[in-house]
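Examining the three-dimensional arrangement
Here's the letter readout for the chains.
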Amino acid sequence: MSITQDSPIGILDSGMGGISIWAEVVRQMPFEEVVYWADSAHCPYGGRSREEITTLVRSGVSTLVEAGVKLIVVACNTATTAAISTLRAEWTEMLFVGLEPAVKPAARETRSGVVGVLGTAYTVGSEMFRQTTERYATGIGVRVIATAGNGLVEAVEKGWEDAPETERLLRDYIEPMLAEGVDELVLACTHFPLLIPAIRRVLGDRPVRIVDPAPAIARHTAELLRERGLLTDRTSLGESRFIGSGTAAETERLRKRAEQYRKHLTEENLKH
Ligand code: DGL
């Protein structure tokens, strides 16, 4: 299938997390069509091995390539950490945008000199993360407190964003960071922006900035498409199609959750 400027953008995640990226992509590029692939049958990825994650993500990329996408956003920190170099080597013609923990902007902005990172066990335990941290934070005298947010991806998948158990988990992960003086909290898993209202409750009135990479990722995606002459010049709203390894009911839940999150994001943007 040949790629044109009207081909869709592909977005891939283990499940619902990529919604946080999708919502920014369609907000910044409303005329683009999107195909979103969720691996709901195998979510979460965070406790799996590199080999397993790579095999699963390959299947998503193949499906998106068959759907004729012009670029793929690997909207999952875990999948990016495990598989992006393999994907780039195997699909040399495809444009990939990956998600890496936003340690660099947080280390630049911190006033306390302590940055918190909440990711999956895979991401925060990876060599890639160790290198990013050393290069952009510890190397310039900024301390990083990284925590694996075990159970949070599952909570989002179940729709438990506002459940007391979820807030308790968030408290367990974030309060020790606050005790260390963290003033920047990097969300290093794309599922976690869906928990921002609960995270705000945990932070209370403390002056902590939540770093959600979605706006920067969507901007970067737009720039890349512009550079390659691949931005659509259609002026009618693009459609998004949701597909994946889950059941039809799971995919429908994902679509509804995505619309809800987009609405919430629009309201948040109107407030500011
Ligand atoms: N959204 C994925 C990420 O950004 C979640 C990974 C998982 O499924 O554990 O890391």
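Treat the numbers as computed from the prediction; the structure is a model and nothing was measured.

1. Observations concerning the sheet that holds strand E3 (residues 71-74)
Taking strand neighbours across the sheet as the criterion, the five strands line up as E4-E3-E1-E2-E9 in an open arrangement whose pairing is parallel. Here the strands that pair on one side only, and so sit at the sheet edges, are strand E4 (96-97) and strand E9 (240-244). Summarising the sheet, strand E1 (residues 9-13) and strand E2 (residues 34-38) pair through five bridges and their orientation is parallel. Note that in E2 the partner of Leu12 across the bridge is Trp37. Across the sheet, helix H1 (residues 19-28) touches E1, E2, E3 and E9, and the angle it forms with E2 is around 175°. Sitting on the sheet, helix H11 (residues 248-271) touches E2 and E9, and the angle it makes with E9 is about 145°.

2. Notes on the pairing of E1
With five of five residues buried, E1 is to be regarded as a mostly interior element. Burial of E1 is two-sided: the residues Ile9, Ile11 and Asp13 facing one way and the residues Gly10 and Leu12 facing the other way are all buried. With H1 bridging E1 and its parallel neighbour E2, the resulting β-α-β unit is right-handed. Across four bridges, E1 lies against E3 in parallel orientation. What sits directly across from Ile11, in E3, is Val73.

Conventions adopted
Residues numbered from 1 in each chain as written. Predicted model: local features only at pLDDT ≥ 70, side-chain atom pairs only at ≥ 80, totals over all residues. Heavy atoms only, no water. Pairing = 2+ DSSP bridges. Helix = DSSP H or I, 4+ residues; strand = E, 2+ residues; numbered from the N terminus. Contact = heavy atoms within 4.5 Å. Axes fitted to C-alpha atoms, helices over the stretch in contact; angles between N-to-C directions. Buried < 20%, exposed > 50% of the residue type's maximum accessible area, 1.4 Å probe, protein only. Right-handed = clockwise from strand over helix to strand, strands pointing away.

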